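What follows is the residue order along each chain.
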Protein chains: 2
Amino acid sequence: MNALNIAEYVHALGLQAKVASALMARADAAIKNRALKALARLLRDNAQALAADNAKDLERAIAAGLSAPMVDRLRLGLKAIETCALGCEQLATMPDIIGEVVGLKQQESGIRVGQMRVPIGVFGMVFESRPNVTIEAASLSIKSGNAAILRGGSEAIESNKALARLVQQALAEAGLPQNAVQLVQTTDREAVGRLIAMPEYVDVIIPRGGKGLIERISREAKVPVIKHLDGNCHTYVDDPCDIAMAVKVADNAKTQKYSPCNASEGLLVARGAAARFLPQIGAVYAAKGVEMRCDAEAQALLAPLAGAQVVPATEQDWSTEYLAPIISVKVVAGVDEAIAHINRYSSHHTDAIITTDHRHAQRFLREVDSASVMVNASTRFADGFEYGLGAEIGISTDKFHARGPVGIEGLTSLKWVVLGNGEVRG
Amino acid sequence: MNALNIAEYVHALGLQAKVASALMARADAAIKNRALKALARLLRDNAQALAADNAKDLERAIAAGLSAPMVDRLRLGLKAIETCALGCEQLATMPDIIGEVVGLKQQESGIRVGQMRVPIGVFGMVFESRPNVTIEAASLSIKSGNAAILRGGSEAIESNKALARLVQQALAEAGLPQNAVQLVQTTDREAVGRLIAMPEYVDVIIPRGGKGLIERISREAKVPVIKHLDGNCHTYVDDPCDIAMAVKVADNAKTQKYSPCNASEGLLVARGAAARFLPQIGAVYAAKGVEMRCDAEAQALLAPLAGAQVVPATEQDWSTEYLAPIISVKVVAGVDEAIAHINRYSSHHTDAIITTDHRHAQRFLREVDSASVMVNASTRFADGFEYGLGAEIGISTDKFHARGPVGIEGLTSLKWVVLGNGEVRG
């Protein structure tokens, strides 16, 4: 397609999505759940065919010389397909929040005023690599009564097309409009530029991918963006605290997995706990090959450990998301300095305190300006499933609309309902 | 100031607001309420001096040939000052929602997860004309624990400066940072361009004013905008309905005041009710000099009325916000056509149904895609005070974040709190 054709094509997708969104908004819960269960069945019935389509993408990726981790992210094996199917079934069993009315109260005038939860309308999703995001986004869109326009990465186009066909089949089986979930069928980048600039059709854009992609979309979008930039998360070990718990949690927060956005990249330690805590966690990190980038005080305590990779931290380290076996380590005076450091350097994603002091815990919860704040828990818990949202469409590091893991609720809005008996304004 | 100086000046306001916002976010409810009560007292104590400052603006406005309604909007009389003072006192008596934790539930892993209501941070407000908006915005900002940067219209600069001085005095008296509310002291338009493009300091922009202002700001802002465009509101008179109630409500919705955004601009009538209802409401409108722009069916019923100003409606009329003694009138088949017409032509602000049919009421509430949907009440109720919000910073016709009247809650965000006992992710 040339640029003009792409503009027309994306425009048509937008119009179709808008029309479908009105039907989705009033669809019964039972019918949406029927579509989700049909999708789960179709995924299982077509698992072999999906794997074959995915093989085409994998072949192309290997031929193009993509790195092994990239190829791995692209893989849609039988196990991943089963996980997608289970996710759809789980969503089907969750309560439907559309139409729920909250806070209905009578006012002085006699009218009763409350708020009704309604779908946002149409969301556009731009994502890279992992084809199972197609199913996650489609199923959340169906459950939340929205329409979605999905734009996956060019490397996964065959997989995504095959998955989108099944989604539309499931919608049709349930009696819902097929255009409620549409995949952008061209890999031309021009299509993204169009998709993010149609406020008449698209209510919000959700990008998922590298920082470059998200920054570009935020800059160019003409509609609101639910965006997730860095995950520079911290664990702060307070004085007083349970040192054994602190070691266990700081270990998990850094080493359970290195690549997720909710892994801790910075470790802060209260001066009063440093001499007891740092040698213990240092031994754990040393055994796992985690490099420690330290301020002078932490370095003095950690450098003597056998096998520890200890190097001085630079100013740059405090704001870096490593996504690797590296952690920055700093000794602070106490909870005040910890909060100040986090509010200055963290990416406002997730930060945790390990403490036994109630007042410190309360202050940390209240004053740390991050999407998730935790007491005595691993930052790795910052996740839609772990928070009981059923699924997540993304994690927002913004404060506006949705913050932190975004589930079905983040894809909805509240409109006001007023129930009267002929009241007029005086 | 030249452009470079303005850039530096607005940048400094942003940095100061950011610093102040951290202090406001953790301020005790009692201290914020003390500032609000101090502001009420200062407004009353300085009412004469404020009126004198306001007189300078009025003089300049009259000399510049501003229209009488414009001059009137600019006027800050003793009564308006007392209303501002009462508003501050009312906010001081309202519960503080900052720090409130909702939905705390234990998850499978053992962690307890909930959401804490927190201020958004810094909001920028750009408004025209009415200087009392300075006090409304300042008091809502204080109560919600945010910092605000206010940019009023150049025509009200002396009044706004005097009001802002009192706000900062009240903040200081209560022990809060004076920079929690700052007024942009230059009337140069360049300052607005800067204010709306500082995502590092300003979290959201709230424009209040004409459609031109709001469209320009939405187009150029680099941060989210809570925007309010048209108020093309409808009253739909259903079949069956209580005709006497329908006449009373449709009268109030159009004629109680012509200029507010929540006045009805369109009247839809079910065919089965038209012959009884239209002559009655037509007589009321005729007596009040309201012009009726009608489709053919409505015209046939209304034209014979003595003194009625009845003209044929054009396609343009269905989407017009008159803000004047004019209303469009259309006969529809029933609730289906009414919903379709409203979703096509309304500005998604406020729409009402007058009905005695439960199913029609439910369908209207659910399917009309507007910020406020009403049953048997006047659209004129769409207002923060009438909804029990205490005050409103504006009315949003967006779906994202806040929809409809925006009170304190719309100036807040929810962050996740996780309370653990040393849990780690497996």
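Check the entry above for the structure.
Residues numbered from 1 in each chain as written. Chains lettered and ligands numbered in written order. Predicted model: local features only at pLDDT ≥ 70, side-chain atom pairs only at ≥ 80, totals over all residues. Heavy atoms only, no water.

**Student:** Give a description of the packing of helix H2 (residues 29-45) of chain A against helix H5 (residues 78-93) of chain A that names residues and reports values.
**Tutor:** Residues and elements named next belong to chain A. Between H2 and H5, whose axes approach to 8 Å, the crossing angle comes to 165°. On the basis of the axis angle, H2 is roughly antiparallel to H5. Relative to H5, H2 is oriented so that their crossing is left-handed. Between H2, through Asn 33, Leu 36, Lys 37, Leu 39, Ala 40, Leu 43 and Arg 44, and H5, the contact on the second element is made entirely by Ile 81, Glu 82, Cys 84, Ala 85, Leu 86, Cys 88, Glu 89, Leu 91 and Ala 92. When grouped by side-chain class, the residues that make up the contact of H2 with H5 number eleven nonpolar, one polar and four charged. (Axes fitted to C-alpha atoms, helices over the stretch in contact; angles between N-to-C directions. Helix = DSSP H or I, 4+ residues; strand = E, 2+ residues; numbered from the N terminus. Parallel < 35°, antiparallel > 145°, perpendicular 65-115°, else oblique. Left-handed = near helix turned anticlockwise from the far one by under 90°. Contact = heavy atoms within 4.5 Å. Nonpolar A, V, L, I, M, F, W, Y, C, P; charged D, E, K, R; others polar.)

**Student:** Could you give me a rundown of the interface of chain B and chain A, with the residues and numbers involved?
**Tutor:** Each partner contributes to the interface: chain B provides 62 residues, whereas chain A provides 62 residues. Between chain B and chain A, a total of about 5600 Å² is buried, with carbon and sulfur atoms accounting for 55% of that surface. Of all residues in chain B, Phe400(B), Trp416(B) and Arg425(B) give up the largest surface area on contact with chain A, accounting jointly for 17% of the area buried on that side. The tally of links between chain B and chain A comes to four salt bridges. (Buried area = accessible area lost by both parts, 1.4 Å probe. Salt bridge = Lys/Arg side-chain N within 4 Å of Asp/Glu carboxyl O.)

**Student:** Go over the relation of the copies chain B and chain A with me, naming the residues and quoting the values.
**Tutor:** By a simple turn and slide, chain B fits onto chain A: the slide is 0.0 Å along the axis, the RMSD is 0.1 Å, and the turn is 180°. Such a combination of turn and shift is consistent with a two-fold rotation axis. Residue His401(B), judged by its C-alpha, is the member of chain B lying nearest the rotation axis, at 1.9 Å. Here 100% of the interface residues in chain B have copies in chain A that are interface residues too; the copies meet face to matching face. (Least-squares fit on C-alpha atoms with pLDDT ≥ 70 in both.)

**Student:** Just give me the short version of the state of the cysteines, but keep the residues and values in it.
**Tutor:** Under the counting rule described, the total for this entry stands at zero disulfides over all chains. Free of any disulfide, Cys84(A) has its nearest cysteine sulfur in Cys88(A), 6.9 Å distant. Given the relative accessible area of 9%, Cys84(A) is considered buried. Cysteine Cys294(B) is unpaired, with the sulfur of Cys241(B) as its nearest cysteine sulfur at 18 Å. (Disulfide = S-S within 2.5 Å. Buried < 20%, exposed > 50% of the residue type's maximum accessible area, 1.4 Å probe, protein only.)

**Student:** Got a sec to walk through the packing of aromatic side chains? Specific residues and values, please.
**Tutor:** For the structure shown, the criterion picks out four aromatic pairs over all chains. It is Lys330(A) that lies over the ring of Trp318(A); its NZ or CZ is 5.5 Å from the centre. (Phe/Tyr/Trp six-rings, centres within 6.5 Å; stacked < 30°, edge-to-face > 60°. Lys NZ or Arg CZ within 6 Å of the ring centre and 35° of its normal.)

**Student:** Go over the nonpolar core with me, naming the residues and quoting the values.
**Tutor:** Ranked by size, the top nonpolar core spans 106 residues in total, and within it Leu43(A), Met125(A), Ile393(A), Leu43(B), Met125(B) and Ile393(B) carry the most contacts. Leaving out residues up to four positions away in the same chain, Met125(B) has contacts with Val133(B), Ala137(B), Ile149(B), Leu150(B), Arg151(B), Ile206(B), Arg208(B) and Ile393(B). (Core = buried A, V, L, I, M, F, W, Y, C linked by side-chain atoms within 4.5 Å.)

**Student:** Break down the pairing of strand S11 (residues 326-332) of chain A for me, citing the residues and quoting the values.
**Tutor:** Residues and elements named next belong to chain A. Counting buried residues along S11, seven of its seven residues qualify, which places the element largely inside the surrounding structure. Where burial is concerned, the two faces of S11 agree: the one with Ile 326, Ser 328, Lys 330 and Val 332 and the one with Ile 327, Val 329 and Val 331 are both buried. In terms of strand pairing, strand S8 (residues 264-270) meets S11 through five bridges, oriented parallel. Within the sheet, the bridge partner assigned to Ala 270 lies in S11 and is Val 332. Sheet topology note: the strand S9 (residues 291-294)/S11 ladder contains four bridges and is parallel. Counterpart to Met 292 in the pairing with S11 is Ile 327. (Pairing = 2+ DSSP bridges.)

**Student:** Outline the sheet that holds strand S6 (residues 204-208) of chain A, listing residues and values.
**Tutor:** Residues and elements named next belong to chain A. The four strands are arranged S5-S4-S3-S6 in an open sheet whose pairing can be described as parallel. The sheet is open, and its two borders are formed by strand S5 (181-183) and S6, each paired with just one other strand. Across the sheet, the mean angle from the axis of one strand to that of its neighbour is 20°, orientation sign disregarded. As paired elements, strand S3 (residues 122-127) and S6 share five bridges and run parallel to each other.

**Student:** Tell me about unusual backbone geometry, and name the residues and values.
**Tutor:** Put simply, Asp239(A) and Pro240(A) share a cis peptide bond, and its omega is 10°. Along the chain, the position of Pro240(A) falls in the loop between strand S7 (233-237) and helix H10 (243-255). The phi dihedral of Asn376(A) is positive, around 55°, even though this residue is not glycine. Along the chain, Asn376(A) falls in strand S13 (residues 372-377). Backbone geometry places His348(B), a non-glycine residue, at a positive phi of 65°. Mapping His348(B) onto the fold places it in the loop between helix H13 (335-345) and strand S12 (350-354). A relative accessible area of 26% means that His348(B) is categorised as partly exposed.

**Student:** Quick one: what's the story with the environment of Met24(B), residue by residue and with numbers?
**Tutor:** All names here are of chain B. Summarising the element assignment, Met 24 is placed in helix H1 (residues 3-25). Taking relative accessible area as the criterion, Met 24 reaches 0% and is therefore assigned buried. Linking Met 24 and Leu 176, residues 152 residues apart in sequence, is a C-alpha distance of 7.2 Å. For Met 24, the residues in contact, after removing those within four places along its chain, are Ile 142, Gly 145, Asn 146, Leu 176, Pro 177 and Ala 180.

Shape is all these values report; function is a separate question.
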